[in-house]
Every structure is written in C-alpha cells, then in structure tokens.
Amino acid sequence: CPPLCECSEPAKTVKCVNRNLTAVPPDLPPYVRSLFITGNPLTDLPAGSFPAQSLPDLASLNLSGNHLRTVEAGSLALPALRQLDLSGNALVSLSPQAFGEGGSPLEELALRGALREHGVLLSLAALLQSGALPNLSRLELADNGLLLLPAGMFTALPALRQLDLSNNSLVGLRNVSFQGLGQLQSLNLSDNSLGVLRNSTLAQFRSLPALRHIVLGHNTWVCDCAIEDLVAWLKESDQVEGKEALTCASPDKMLGKALLKINGSDLNCSVPIDLPSQLQTSYVFLGIVLALIGAIFLLVLYLNRKGIKKWMHNIRDACRDHMEGYHYRYEINADPRLTNLSSNSDV
C-alpha cells in the first residue's frame, strides 16, 4: 500500500484522499478494484498513469475534486474499468484517445462541473462519437454551464440509459440528436434556460420506447404561440415527471401560469407570428392600395377630360400669345427703321 493511502485488501479498496498528491502513486496494489484519489493538487494525468498490467481488476476510479487540467491519450486504458468520476476538476484538455485505441468497457462516466472550457466539450464529443465507449450506460454532464451541445454528440452511445444535463444554461436542443438511443430511460434537463422544445425534439422523445423519465423543472418557459406543441405534448405524454409544476417564466401576463392549463385563447395565436409571411402580406396589401390609388387618379382624369382639355388649350393660347409678343419685339429691335419709328412714336 502506498504510504499516503489507506488500503483494504478484503474490500479491494484503496483511498488516497486529501494527501497532497501531485501524481498517481506508482505502487498501487494489484488487487485494487475501487480506487479513490480525491482532494489532491493533481494537475496532469499522463499516459500510463494506471498501468493495465499492474491493475487488471480496477473497476471503479474516483478522481473527483482534484485540480486535473489535462487527461492525455492512454491514461485511462484499463481493461476492467466500469466507473469513472472526473467531477470537480477544471479540465482544459481531454484526449479523445484517453481510453486507448480499442473500445473501453466503461459503463458510467461522471463529469459534473468539469467541462467549463468549450474546447474540452468538443473533445468529449469527439470521444463519444468515436465509438470508444460502446457500453456507456450513464453519463453525467451537470453543473457545466453548457449553452449548446455539439451536433450528434450522443449518436454513438447505443447502451446509454441515463443522461443528466441538469443545472446548465442550455437554451435549446435544436441541434441535439437523440436518435439511436433506444435504451435511454432517464433524461434530466432541469435547471436550464430552455424557453421551448420544438416539434422535432418532441418527435424524438416520442420515438424512444424506453424513455419514461424526463425532468424539465426550473426552466424559463416562454409562453407564446411557439409553445403550443410543447403544451399539447405535455397533456398527452406520460414521460415527464412533475409536469404539473411546470410554469411560464414570460411574458409578464403569463408569469407563473401552469403549462398544463394553457389554452389557445391564452396565447392569442389566431394571427400567424411568422415574420416572413407577415412581410409578404404587407407587401401584397401595399400593392393593392397603390393600384387602387392609381385607378382613382385615372378615373378622375377621365371624368374631367373636357375641363382638362380646355385648361390645356388656355395654357397653349397663353404661351402662344406670349411667344408672339417676344417675336414682335425681336423684329422691331432687328430693323433700324422700325427702331427709329418706335422712338419717334414714343416722343
């Protein structure tokens, strides 16, 4: 047993808790099945940290509450590993090959509060999508402040039964695919910032035969016309736990109203809210108004055609008289005799 750890051979357990360790002890007993290395200033997990030959029976590994920042390739390549807890670490780098090149037998993975860096989330998505964890049945991603999830993040997890996404900041699930999760039984989406669930997401929920426990409490539901599909699904579905307690967060007139008690008259959805269709309708209406004004203008011109014709003749005669006056003056100024005659006449 390492000097800074507590070992129990009958229980197959080793505990290295709050021992100021900066590296994984190299002389762990080979009988260990449950290993706790928590509360230490452990920052890096290099390749070979847990030699597969020396730890053939290690099934449960708890590394929570350390200061882990990097998990390198091959650092968790253990042949019997079933449970791994990396919660409470400020991970910066997580290698997609952390569990080795082949598939890992891992069944439970806890990453509560360990994915604050967006790059680590992308690395985790690459790890999950690679098919390295085909036996994963429980995935905990709570308390990570996640806004959006990478597309197709869960598509290569056919054995997944429990997925915990609670206490994040998820604003939508539009790019999240649950297809292929035929074994999924529990989905926790509580304490997020979800305003609505689209019809495409609800259709995925309906298509999962084993999904019977969905938690949606403490989200910021926006009770406008876009929430109609969600309300209808809640009323007909038995998948949502505690759906009676789900209430509107906005607008103000709907604040606190139970989603199950919402009806069409509350939402006032008789007028479409689709902005492009509204603009198209406005353009059509504007065209009709302009055409009507043009028709009225032409009608007025037609009814006053005689007066307009007379008015145009008067303008023509006035212009002609004016031009004749200019022409007469030009002729007088051009002829010297007429100029003298004009001067004598003035005298």
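The notes below deal with the structure included here. All values derive from a computational prediction rather than experimental measurement.

1. Considerations on the overall build of the chain
When you go through the chain residue by residue, the secondary structure sums to seven helices and 16 strands. Looking at the chain as a whole, 37% of its 347 residues are labelled buried. A sequence separation of at least 24 residues applies to 58% of the contacts in the chain between residues at least 6 apart.

2. What about the packing of helix 2 (residues 199-207) against helix 3 (residues 228-236)?
Two elements in contact, helix 2 and helix 3, have axes separated by 10 Å at closest approach and are oriented at 20°. As judged from the angle between their axes, helix 2 and helix 3 are roughly parallel. As helix 2 runs across helix 3, the sense of the crossing is left-handed. Here N199, L202, F205 and R206 of helix 2 come into contact with helix 3, specifically with D229, L230, W233 and E236. Here the contact of helix 2 with helix 3 is composed, by residue class, of four nonpolar, one polar and three charged.

3. Examining helix 3
Those residues of helix 3 lying buried are L230, V231, W233 and L234. Down the axis of helix 3, the buried set is contained in an arc of 165°. They therefore lie on one face. Lining the buried residues of helix 3 we find helix 2, strand 13 (213-215), strand 14 (221-222) and strand 15 (240-241).

4. Some details on a nonpolar patch on the surface
On the surface, a cluster of nonpolar side chains totalling about 490 Å² of accessible area is made up of F285, L286, V289, L290 and I293. On the secondary structure map, V289 appears in helix 5 (residues 275-303).

5. With respect to helix 1 (residues 118-129)
Between the first and last C-alpha of helix 1 there are 17 Å, a value that for twelve residues agrees with the 16 Å anticipated at 1.5 Å per step. When helix 1 is considered as a whole, its buried residues turn out to be V120, L121, S123, L124, A125, L127 and L128. Residues of helix 1 that are buried sit in contact with strand 8 (93-94), strand 9 (108-110) and strand 10 (138-140). A positive phi of about 80° marks G131, the residue just after helix 1.

6. Digging into the nonpolar core
F50, L124, L139, F154, F205 and L259 are the most contacted members of the largest nonpolar core, which has 83 residues in total. For this core, the secondary-structure elements that each account for two or more residues are strand 2 (13-17), strand 3 (34-38), helix 1, helix 2 and helix 3. With residues near it in sequence (within four places) discarded, F50 still touches V24, L28, L35, I37, L45, L55, L58, L61, L63, S75, L76 and L78.

Rules used throughout
Residues numbered from 1 in each chain as written. Predicted model: local features only at pLDDT ≥ 70, side-chain atom pairs only at ≥ 80, totals over all residues. Heavy atoms only, no water. Helix = DSSP H or I, 4+ residues; strand = E, 2+ residues; numbered from the N terminus. Buried < 20%, exposed > 50% of the residue type's maximum accessible area, 1.4 Å probe, protein only. Contact = heavy atoms within 4.5 Å. Axes fitted to C-alpha atoms, helices over the stretch in contact; angles between N-to-C directions. Parallel < 35°, antiparallel > 145°, perpendicular 65-115°, else oblique. Left-handed = near helix turned anticlockwise from the far one by under 90°. Nonpolar A, V, L, I, M, F, W, Y, C, P; charged D, E, K, R; others polar. Arc of directions from axis to C-beta. Patch = residues over 30% accessible without salt bridge, like charges linked within 9 Å, V, L, I, M, F, W, Y side chains within 5 Å. Areas by Shrake-Rupley, 256 points an atom, 1.4 Å probe, with all protein chains shown as cover. Salt bridge = Lys/Arg side-chain N within 4 Å of Asp/Glu carboxyl O. Expected span 1.5 Å × (residues − 1). Core = buried A, V, L, I, M, F, W, Y, C linked by side-chain atoms within 4.5 Å.

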